[in-house]
Amino acid sequence: MKVEIKTLDAQGGGDLELNDAVFGVEPRADILHRVVTWQLVNRRAPARATRERSDVARTGKKFGRQKGGGTARHGDRRAPIFIGGGKAHGARARVFSASLNKKVRQLGLKMALSSKAQGGQLIVVDNLDVPEGKTKALVERLGKLGFGKSALVIDGDALNVSFARASSNLEGLNVLPAIGANVYDIMRHETLVLTKAAVEKLEARFNG
């Protein structure tokens, strides 16, 4: 698959041949769903347990006389009906995690990249250099490129400092290094923007 390389000024910079083994895979909704679900499950924080009656540090002395006090019969202050008492039927400590075969994860990323390439939602740029890292200068360039309402920009080994600084205040624009490319972020953005360095890293990631 051949795509045009653009600059941030929306000028043509030649063509780039994309590896069909990475960007030409037929997307499958079931594979993408499995990978996204796996990502979201593993992002969940552990659930903290609440303190129940046996966990509360309050007196275990009997609250009052069994009879003749004119009040209900209570054993101690740890009872759930008292302020500071233990929680009745409280939450249990849970750790949320899921496993997914490595081949399925890799296939899901290939399909996510391919879906953007085949849907015309992939833009390849030469580099991400922004003069002085100014947001105003970047906004003018993005309007010409047609990034859409939301865009995920993936760079090479490290993020371009000037672009990251200029885009930090822009809503709907997120930046990742190539090592952080993942199915969930790619699919939830309208446009995928890759630098030439990012394409090389992603292709090497699967060929290596």
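Heads up: the structure comes first, above all this text.
Below: a short report on this structure.

Rules used throughout
- Residues numbered from 1 in each chain as written.
- Predicted model: local features only at pLDDT ≥ 70, side-chain atom pairs only at ≥ 80, totals over all residues.
- Heavy atoms only, no water.
- Helix = DSSP H or I, 4+ residues; strand = E, 2+ residues; numbered from the N terminus.
- Rg over C-alpha atoms; globule rule 2.2 N^0.38 Å.
- Buried < 20%, exposed > 50% of the residue type's maximum accessible area, 1.4 Å probe, protein only.
- Contact = heavy atoms within 4.5 Å.
- Areas by Shrake-Rupley, 256 points an atom, 1.4 Å probe, with all protein chains shown as cover.
- Lys, Arg positive; Asp, Glu negative; His and termini not counted.
- Charge placed at Lys NZ, Arg CZ, Asp CG, Glu CD.
- Patch = residues over 30% accessible without salt bridge, like charges linked within 9 Å, V, L, I, M, F, W, Y side chains within 5 Å.
- Salt bridge = Lys/Arg side-chain N within 4 Å of Asp/Glu carboxyl O.
- Core = buried A, V, L, I, M, F, W, Y, C linked by side-chain atoms within 4.5 Å.
- Axes fitted to C-alpha atoms, helices over the stretch in contact; angles between N-to-C directions.
- Parallel < 35°, antiparallel > 145°, perpendicular 65-115°, else oblique.
- Left-handed = near helix turned anticlockwise from the far one by under 90°.
- Nonpolar A, V, L, I, M, F, W, Y, C, P; charged D, E, K, R; others polar.
- 1 Å grid on protein atoms, 1.4 Å probe; cavity = no way out; pocket = protein on both sides within 12 Å on 5 of 7 lines; lining within 4 Å.
- Points joined across faces, edges and corners; volume = space filled by probe spheres on them.
- Expected span 1.5 Å × (residues − 1).
- Polar contact = N/O pair within 3.5 Å; in protein donor to acceptor, adjacent residues only side chain to side chain.

**Describing the overall build of the protein chain**
And step 1. Each helix and strand counted, the protein chain has 7 helices and 6 strands in total.
And step 2. Secondary structure elements in the protein chain, listed N-terminal to C-terminal, are β-β-α-α-α-β-α-β-α-β-α-β-α.
And step 3. A compact globule built from 208 residues would reach a C-alpha radius of gyration of about 17 Å, whereas the protein chain, at 27 Å, exceeds it by more than 25%.
And step 4. Each of the three principal axes of the protein chain carries a C-alpha extent, and together these read 95 × 40 × 25 Å.
And step 5. Split into buried and exposed, the 208 residues of the protein chain put 37% on the buried side.
And step 6. Within the protein chain, contacts between residues separated by at least 24 positions form 71% of all contacts whose residues are at least 6 apart in sequence.
And step 7. Summing over all exposed atoms, the protein chain offers an accessible surface of approximately 12500 Å²; the carbon and sulfur share of this is 49%.
And step 8. Both charge centroids of the protein chain, one from 35 positive and one from 21 negative side chains, sit 21 Å from each other.

**Considerations on a negative patch on the surface**
And step 1. A surface patch of negative charge is lined by Glu4, Asp15, Glu17 and Asp20.
And step 2. By secondary structure assignment, the location of Asp20 is in helix α1 (residues 20–23).
And step 3. With relative accessibility at 45%, the residue Asp20 sits in the partly exposed group.

**Re the nonpolar core**
And step 1. In this structure, Phe23, Leu113, Leu122, Ile154, Leu192 and Leu194 are the most contacted members of the largest nonpolar core, which totals 33 residues.
And step 2. Here this core gets 6 residues from one element, more than from any other, and that element is helix α3 (residues 102–118).
And step 3. Setting aside anything within four residues of it in sequence, one finds Ile154 in contact with Leu176, Pro177, Ala178, Ala181, Leu192, Val193, Leu194, Thr195 and Ala198.
And step 4. Residues Val130, Leu138, Leu145 and Val153 belong to the second largest nonpolar core, which totals 16 residues.

**Section: the packing of helix α2 (residues 29–43) against α3**
And step 1. Two numbers describe how α2 lies on α3: the axes approach to 9 Å, and their chain directions differ by 115°. Between α2 and α3, the crossing angle belongs to the class labelled roughly perpendicular. In the packing of α2 onto α3, the handedness of the crossing is left-handed. Residues Ile31, Leu32, Arg34, Val35 and Trp38 of α2 form the contact with α3, whose own contacting residues are Val104, Arg105, Leu107, Gly108, Met111 and Ala112.
And step 2. Taken together, the residues of the contact of α2 with α3 sort by class into 8 nonpolar, 1 polar and 2 charged.

**Re the pattern of salt bridges**
And step 1. If you walk through the whole model with that rule in mind, you get 6 salt bridges.
And step 2. The salt bridge partner of Arg53 is Asp76, with a shortest N-O separation of 3.6 Å. Residue Arg53 is located in the loop between α2 and α3, and its partner Asp76 is located in the loop between α2 and α3; the two are separated by 23 residues in the primary sequence.
And step 3. Residue classification places Arg53 among the partly exposed positions, given a relative accessible area of 40%.

**Points about the layout of surface pockets**
And step 1. Looking at the largest pocket, its volume works out to about 200 Å³.
And step 2. In terms of lining residues, the largest pocket is bounded by Val35, Trp38, Gln39, Lys102, Arg105, Gln106, Leu109, Ala181, Asn182, Val183, Arg205 and Phe206.
And step 3. Sorting the residues of the lining of the largest pocket by element identifies α2, α3 and α7 (196–207) as the ones contributing at least two each.
And step 4. Per-class residue counts for the lining of the largest pocket are 6 nonpolar, 3 polar and 3 charged.

**A look at the environment of Val35**
And step 1. For Val35, the location among the structural elements is in helix α2.
And step 2. Overall, the relative accessible area of 2% leaves Val35 in the buried class.
And step 3. Note: C-alpha distance between Val35 and Gly172 (137 residues apart in sequence) is 23 Å.
And step 4. Other than its neighbours up to four places away in sequence, Val35 contacts Leu100, Val104, Arg105, Gly108 and Val183.

**Concerning α3**
And step 1. Over its 17 residues, α3 extends 24 Å from the first C-alpha to the last, a length consistent with the 24 Å expected when each residue adds 1.5 Å.
And step 2. Within α3 the residues assigned to the buried category are Val104, Gly108, Leu109, Met111, Ala112, Leu113, Ser114, Ser115, Lys116 and Ala117.
And step 3. Structurally, α3 contributes buried residues whose contacts are with α1, α2, β3 (122–125), α6 (183–188), β6 (191–195) and α7.
And step 4. Regarding α3, its N-cap is Asn101, as a side-chain oxygen of that residue lies 2.8 Å from the backbone nitrogen of Lys103 further along.
And step 5. Directly beyond the C-terminal end of α3, a positive phi value near 70° is found at Gly120.

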